[in-house]
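Geometric and topological summary
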Amino acid sequence: MKKIAVYPGSFDPITNGHIDIITRGLRMFDELIILIAYNPNKSSLFTVEERMDMIRQVVIKDEKILRVDCSSGLLVDYVQNKGANVILRGLRAVSEFEYEFQMALINRRLNRDIETVFLMTGFQWFYTSSNLIKEAASLGGSVTGLVPDIVFERLRGKFNKVTK
Ligand code: ADP
């Protein structure tokens, strides 16, 4: 049986920290679906389409093993409908643990066939988060090396004072 995992998040935008989790996740699973899990009532910097487009350009080389999709529905239903049984998440700080623990438990309560698997952040991506990157970029800070070049250019398009 194929091991298929879903890696959900907002990816607003995708960062090198996410890419590290994706690369390592691909070593563990036969297929990985990067899922933009969005809430239509929540605002974001990039539209869902823009986020999917950046992910496609940056990481999708072989659609048979790595795909990108979006959903605003119940995560466990999405996972089951795709024939997957793992939710992949990254963990950075201890402060994330409590929230992630609750999410993993509620998702298991909702569907006992689905497990959440956590990967510890790569050491150099410990402080990389989409939110901090957006904040720094909006104030003209350099985020080079924290996001792929395509994302850097898109951030520059949103906040035209981003410096290199
Ligand atoms: P954020 O806005 O916090 O960067 P997302 O909602 O897009 O994150 O995150 C999706 C998943 O990727 C979450 O499991 C999150 O913990 C993980 N993640 C985000 N950034 C990193 C990173 N730098 N290292 C490891 N995991 C990360």
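Here's a quick rundown of the structure. Remember, it's a predicted structure, so these values are computed and weren't measured experimentally.

This paragraph deals with the side chain of Asp20. In this fold, Asp20 is placed in helix H1 (residues 16-28). Residue classification places Asp20 among the buried residues on the basis of a relative accessible area of 18%. Apart from residues no more than four positions distant in its own chain, Asp20 is found in contact with Thr121, Gly122 and Trp125.

Sheet analysis places strand S1 (residues 4-9) next to strand S4 (residues 86-91), joined by two bridges and oriented parallel. Looking across to S4, one finds that Val6 is bridged to Ile87. In the sheet, S4 pairs with strand S5 (residues 115-120) via six bridges, with the strands oriented parallel. Residue pairing across strands places Ile87 opposite Thr116, the latter belonging to S5. A crossover connection joins S4 to the parallel S5 through helix H4 (residues 94-110); in handedness this β-α-β unit is right-handed.

The environment of the ligand is formed by 17 residues, the closest being Tyr7, Gly90, Arg92, Thr121 and Trp125. Between an oxygen atom of the ligand and a side-chain N or O atom of His18, the distance comes to 3.0 Å. With respect to the ligand, the backbone of Gly90 contributes an N or O atom lying 2.7 Å from an oxygen atom. Looking at the shell around the ligand, the elements with two or more residues in it are S1, H1 and S4. Across the shell around the ligand, the residue classes break down as five nonpolar, nine polar and three charged.

Next up on the list: the packing of aromatic side chains. Applying the stated criterion to the full structure yields two aromatic pairs. Residues Tyr7 and Phe11 carry aromatic rings whose centres are separated by 5.1 Å and whose planes lie at 80° to one another, so their mutual orientation is edge-to-face. The pair formed by Tyr7 and Phe11 is uniform in burial state, with each residue classed as buried. Both rings, one in Phe97 and one in Phe101, keep their centres 5.3 Å apart while their planes meet at 20°; by these two values the pair is stacked. Taken together, the residues span about one helical turn, with Phe97 and Phe101 both in helix H4 at a distance of four residues.

Calculation notes
Residues numbered from 1 in each chain as written. Predicted model: local features only at pLDDT ≥ 70, side-chain atom pairs only at ≥ 80, totals over all residues. Heavy atoms only, no water. Helix = DSSP H or I, 4+ residues; strand = E, 2+ residues; numbered from the N terminus. Buried < 20%, exposed > 50% of the residue type's maximum accessible area, 1.4 Å probe, protein only. Contact = heavy atoms within 4.5 Å. Pairing = 2+ DSSP bridges. Right-handed = clockwise from strand over helix to strand, strands pointing away. Near = heavy atom within 4 Å. Polar contact = N/O pair within 3.5 Å; in protein donor to acceptor, adjacent residues only side chain to side chain. Nonpolar A, V, L, I, M, F, W, Y, C, P; charged D, E, K, R; others polar. Phe/Tyr/Trp six-rings, centres within 6.5 Å; stacked < 30°, edge-to-face > 60°.

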